[in-house]
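Commentary on secondary and tertiary structure
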Amino acid sequence: MKPRTFGILVLALTLVAALVPFLDRHAELPIWQHHLLHAGLLAGGALAGIFITARARGSQGGNAFWLVPALLAPMMAMFAMWPSAYNYFEAHPSGHVLEHLLLIALAYITTASAESYAAGLGWIVGGAMVFMAVAAARGFGVSFGNGG
Amino acid sequence: MGDGLLVLRIFFVVAAIAIAAMLFVALYGAKKPLPQSVVNDAGYRIRKLWLGLVLVVAVVAFALTVPFFPYPWAQASVGARHIEVTAAQYAFVMPAVLPADVPLVFDVTSQDVNHGFGIYAPDGTLFAQVQAMPDYINHLPIEFHVKGHYVVRCLEFCGIGHAYMHGGFDVR
Amino acid sequence: MKIMWTYIVAGLTIFGLMLLVGIGLRASQAGWIPIDTGTFYSLLSLHGVGMITAMAIAGLGLLWYLVDREIHLDERVAMLAFAFFAIGVVVVIVSVVFGHYGALWTMLYPLPFVGTTWPSWATGAWLLGVAAVMLGFMLICAQILGAILRSSGGLGSALGLDYVFGRKAFEAAGKHPPSPQMLAATVVSIDGLIGGASGLLVGIAMIAHWLDPHVVIDPLWAKNLTYQFGHTFANLTMYMAVAGIYVALPICTKRAYHSSIPLVVAWWGTLVFVIIAYFHHLYMDFVQWPAVQYIGEISSYLAAVPVVVVTVFGGLMLIHRSGMKWTLGSMFFFAGMIGWIVGGSAAILDATIPFNVDLHNTLWVPAHFHTYLLEGVFLFILGWVFVSLEQRAEAASSALVRWIVGLGIFGGGALFLLSFYVAGAAGVPRRYAVEPAPGPFWAGIATVGALLVLVGVLAALVEGIRLARMRAVGSTV
């Protein structure tokens, strides 16, 4: 399979997964599981961005200003994971699906921009973004504590 | 525990040796230059031994310190008496008198921000400490053998009153 | 050159201003000048974030230049990053001067929101200002890393994997391992992006909480991320400046510094240990997952191995019997290596858990990182500046100037640092506007030492300007 075809396949699967909010039981998910679901969507969007944009290693690459969206998009994705907005989204599944599509788009922009500057950079920037999303599950909008 | 001065002495010795050795290497024979290849041949041989020494010291030091870790899972504290400590800007709420020679566990938490629960022995040395965090309880196992007044100071920056946040208790 | 000098001059200017703030803080702790508690913590916040930013900006300027010598980098991106730094610095200053923000640069959640004496906007401005600095930092890291990936054809060869595993075939193919300064650049940029991600995550969570207090944050989680970011960012300033050793010391000693397998492997160690050594900031959080306390201690120890066995050892091998002339430039590099080792030794003692009980959040901690930054990173930056100027003008400084600068920066520095160490070992807490005894006595000694450092820095400034105004006759480094 060509990298591009693989990327399009991953993107299609991720877009299908973004429809999860239309399932009835979805609203019961605790925040931390929600973050993990979002991390999965981000990972899908990021992989798609890498494989669809993939260029030959060691090639000259593109303009360094591609780095600006590559760094700003993950920040916007973290803001889009804002936990207290969940009440609204739980009541409005279609709004929630739009939020998921936004996350996928931001992830795609992140890695596609990074790869446009230099082959391989998408893996690192995308990896850092997925790390942030997974790490968010441990304490962004939720406190575990030990009974204090 | 209360080993601040010991650490300071170790530090002075290590720093003095390091500075002396580096000055020696830089200044010895500086007026009579050698070709780089000659220095490298000797240097690479010494470096192998040096690498071995550093690794051995690191691993041995690690092994030696493990038994002295202050954590509840590293220290036997079964059957110990639990003492609740609650920190808040800018005071500690805890008993005023504690028993000597009895195993104790401080259950330390905070009502607002991060604080540090630092216990200073009657001789003024820092004796033990643990962080006081909101949402979490930290368990500090301890046993007092010296009677007298212990001062408690905040050891994590907690706001404008940080330097004035202290308390204390008597061990009898 | 333009980018390098812009960054270095900006960094050193901030350093100079923060030095004055620092002297004021120590003099206040000594009881010599009156600073009220609120102002003290505002100034301490400014001093901390300002110094780290100053070292990072200067170090990045140096690193960017060294990478640009081998692979072309787009200057406009470096200027955009500089704009992020400038905006961040201005916003932070506004937050402190007009908003009286005072929760320090390692603001542990929920501190900047609870029991504050400053308006909420000041906290927000502080968070946004620091975020802007982080963005500038990450932009440079991504630019450097991308350029390295492009020129080396992948992360594996950028890190020298193909060289270490299969050296014969590698050399037979006529290939060369990455130069030491490029290895430093690769490691700094990868770890910088990881530390930056941690910082942005906790920063965004806190900005979200600032905008919407319903967003709760786990305090232990926030503490881990804050220190992962803070430790990595502060530690990396050293590794940026270290890249200068690899280029400048060979010039001073007229010898060559080549990449070898131990050097490459040492940088792999640094790549890993810089990221995980931060656990030593959470030794006194007994609820932290036990395994990472052990990892924190052993990785803090192992982080020293690349330094003492490879970089500083290699630096000494260059100097030893090379007939090197003691100019200000070479003197700064040599003294910087001493400061690095001494500050590192203090750090390792503090990273030993049973000793950490006695030292955690005492003045020992600032003692260690002032050694590391003032007598390490700062000296490497100064060393680079002076080696460049000396090369360009083919001139050196008189012995008198070297003595004044040396006595000021090293002698005054030793006095300044000694007072931190002794007071720290005596258990005097850090970050106290008013310290218990024997803090004030040692704060007085520290103030005298810091004033001597100021004299040395001013002498170096005058000498630097003198060299810079001389006609360029030599080659650039």
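1. Examining the overall build of chain C
Within chain C, the secondary structure is distributed over 17 helices and zero strands. In terms of overall dimensions, chain C is globule-like: its C-alpha atoms have a radius of gyration of 22 Å, near the 23 Å expected for 477 residues. Seen along its three principal axes, the alpha-carbon backbone of chain C occupies a region of about 65 × 50 × 45 Å. Here chain C holds 477 residues, and 71% of them are scored as buried. A separation of at least 24 residues holds for 84% of the contacts in chain C among residues at least 6 apart in sequence. When the accessible surface of chain C is split by element, carbon and sulfur atoms take 72% of a total near 14500 Å².

2. Side note on the interface of chain C and chain A
At the junction of the two partners, chain C supplies 37 residues and chain A supplies 39 residues. Ranking the residues of chain C by area buried against chain A places C:Arg150, C:Leu201 and C:Ile204 at the top, with a combined share of 22%. Linking chain C to chain A there are one salt bridge. Here C:Asp218 ties to A:Arg138 by a salt bridge, and the two come within 3.1 Å at their closest N and O atoms. There are 11 residue pairs in polar contact (both at pLDDT 80 or more) connecting chain C and chain A. Elements supplying a minimum of two residues to the side of chain C that touches chain A: helix H3 (75–97), helix H4 (120–152), helix H8 (180–211) and helix H9 (219–253) of chain C. Its residues assigned to classes, the side of chain C that touches chain A comprises 26 nonpolar, six polar and five charged.

3. Some thoughts on the side chain of C:Lys223
Here C:Lys223 lies in helix H9. The exposure class of C:Lys223 is buried, given its relative accessible area of 1%. A polar atom in the side chain of C:Lys223 sits 3.1 Å from the side chain of B:Asn114. Once residues within four sequence positions are removed from consideration, C:Lys223 is found in contact with B:Asn114, B:Gln131, B:Met133, C:Leu108, C:Leu282 and C:Asp285.

4. Remarks on unusual backbone geometry
Residue B:Tyr90 follows B:Gln89 across a cis peptide bond; omega there is 0 degrees. Locating B:Tyr90 in the fold gives a position in the loop between strand S1 (81–88) and strand S2 (91–93). Of the consecutive residues C:Tyr109 and C:Pro110, the connecting peptide bond is found in the cis state with omega at 5 degrees. Relative to the assigned elements, C:Pro110 resides in the loop between H3 and H4. Within the chain, B:Asp101 stands out as a residue other than glycine whose phi angle is a positive 55 degrees. For B:Asp101, a relative accessible area of 46% corresponds to the partly exposed category. One non-glycine residue, C:Leu104, lies in the positive phi region at around 65 degrees. Mapped onto the elements of the fold, C:Leu104 is located in the loop between H3 and H4.

5. Quick notes on the interface of chain B and chain C
Contact residues are listed per partner, giving 83 residues for chain B and 82 residues for chain C. In this assembly, chain B packs against chain C so that about 7000 Å² is buried in total across both faces, 71% of it on carbon and sulfur atoms. Applying the counting rule to chain B against chain C returns zero salt bridges. At the boundary of chain B with chain C, the tally comes to 24 residue pairs in polar contact (both at pLDDT 80 or more). Of all the secondary structure elements, the ones that give two or more residues to the side of chain B that touches chain C are helix H1 (4–27), helix H2 (36–65), strand S6 (126–132), strand S7 (138–142) and strand S8 (148–154) of chain B.

6. Regarding the packing of aromatic side chains
For the coordinates displayed, the defined rule picks out 47 aromatic pairs over all chains. With 6.0 Å between their ring centres and 85 degrees between their planes, B:Phe69 and B:Tyr71 make a pair best called edge-to-face. With relative accessibility at 0%, the residue B:Phe69 sits in the buried group. Site record: aromatic cluster; members linked through ring pairs are B:Phe92, B:Phe106, B:Phe117, B:Phe127, B:Phe144, B:Tyr150 and B:Phe169. Stacked on the ring of B:Tyr120, the Lys or Arg B:Arg153 has its end atom at 5.5 Å from the ring centre. Its guanidinium or amino end placed over the ring of C:Phe420, C:Arg26 lies 4.2 Å from that ring's centre, counting from NZ or CZ.

7. Some remarks on the sheet that holds S8(B)
Residues and elements named next belong to chain B. Taken in spatial order, the five strands make up an open sheet running S3-S9-S8-S5-S6, and their pairing is mixed. Edge positions in the sheet fall to strand S3 (97–98) and S6, since each has one partner strand and no second. When S3 meets strand S9 (residues 166–171), the two strands line up parallel, connected through two bridges. Note that in S9 the partner of Val97 across the bridge is Asp170.

8. So, the pairing of S9(B)
Each regular strand displays side chains that alternate between the two surfaces of the sheet. Bridging between S8(B) and S9(B) involves six bridges; their strand directions are antiparallel. Looking across to S9(B), one finds that B:Val151 is bridged to B:Gly168.

9. Comments concerning the packing of helix H1 (residues 2–29) of chain C against helix H2 (residues 37–70) of chain C
Residue and element names in this part refer to chain C. Remark: H1 packs on H2, axes separated minimally by 8 Å, with the N-to-C direction vectors making an angle of 155 degrees. With respect to each other, H1 and H2 are oriented roughly antiparallel. Where H1 crosses over H2, the handedness of that crossing is left-handed. For the contact of H1 with H2, a count of residues per class yields 24 nonpolar, seven polar and no charged.

10. Thoughts on the environment of C:Gly129
Inspection of the secondary structure puts C:Gly129 in helix H4. Each C-alpha atom of the pair C:Gly129 and C:Gly88 lies 4.0 Å from the other, and the pair is 41 residues apart in sequence.

11. A closer look at the pairing of S1(B)
As judged from the seven bridges shared by S1(B) and strand S4 (residues 104–110) of chain B, these two strands associate in the parallel manner. Across the sheet, B:Thr86 pairs through a bridge with B:Thr109, a residue of S4(B).

12. A short note on the environment of C:Trp364
When you line up the elements, C:Trp364 lands in helix H15 (residues 364–393). Sequence-wise, C:Trp364 and C:Leu417 are 53 residues apart; in three dimensions their C-alpha atoms are separated by 9.6 Å. Dropping the residues within four chain positions of it, C:Trp364 is found in contact with B:Val7, B:Leu8, B:Phe11, C:Ala346, C:Leu349, C:Asp350, C:Leu359, C:Phe420, C:Tyr421, C:Gly424 and C:Ala425. A polar contact is formed between the side chain of C:Trp364 and the backbone oxygen of C:Ala346, at a distance of 3.2 Å.

13. Comments concerning the confidence of the model for chain A
Residue-level pLDDT values for chain A average 89, and 92% of them are 70 or greater. At the low end of the mean pLDDT range in chain A sits helix H4 (residues 86–91) of chain A, at 77; at the high end sits helix H6 (residues 121–136) of chain A, at 96.

Definitions and limits used
- Residues numbered from 1 in each chain as written.
- Chains lettered and ligands numbered in written order.
- Predicted model: local features only at pLDDT ≥ 70, side-chain atom pairs only at ≥ 80, totals over all residues.
- Heavy atoms only, no water.
- Helix = DSSP H or I, 4+ residues; strand = E, 2+ residues; numbered from the N terminus.
- Rg over C-alpha atoms; globule rule 2.2 N^0.38 Å.
- Buried < 20%, exposed > 50% of the residue type's maximum accessible area, 1.4 Å probe, protein only.
- Contact = heavy atoms within 4.5 Å.
- Areas by Shrake-Rupley, 256 points an atom, 1.4 Å probe, with all protein chains shown as cover.
- Buried area = accessible area lost by both parts, 1.4 Å probe.
- Salt bridge = Lys/Arg side-chain N within 4 Å of Asp/Glu carboxyl O.
- Polar contact = N/O pair within 3.5 Å; in protein donor to acceptor, adjacent residues only side chain to side chain.
- Nonpolar A, V, L, I, M, F, W, Y, C, P; charged D, E, K, R; others polar.
- Phe/Tyr/Trp six-rings, centres within 6.5 Å; stacked < 30°, edge-to-face > 60°.
- Lys NZ or Arg CZ within 6 Å of the ring centre and 35° of its normal.
- Pairing = 2+ DSSP bridges.
- Axes fitted to C-alpha atoms, helices over the stretch in contact; angles between N-to-C directions.
- Parallel < 35°, antiparallel > 145°, perpendicular 65-115°, else oblique.
- Left-handed = near helix turned anticlockwise from the far one by under 90°.
- pLDDT = per-residue confidence, 0-100.

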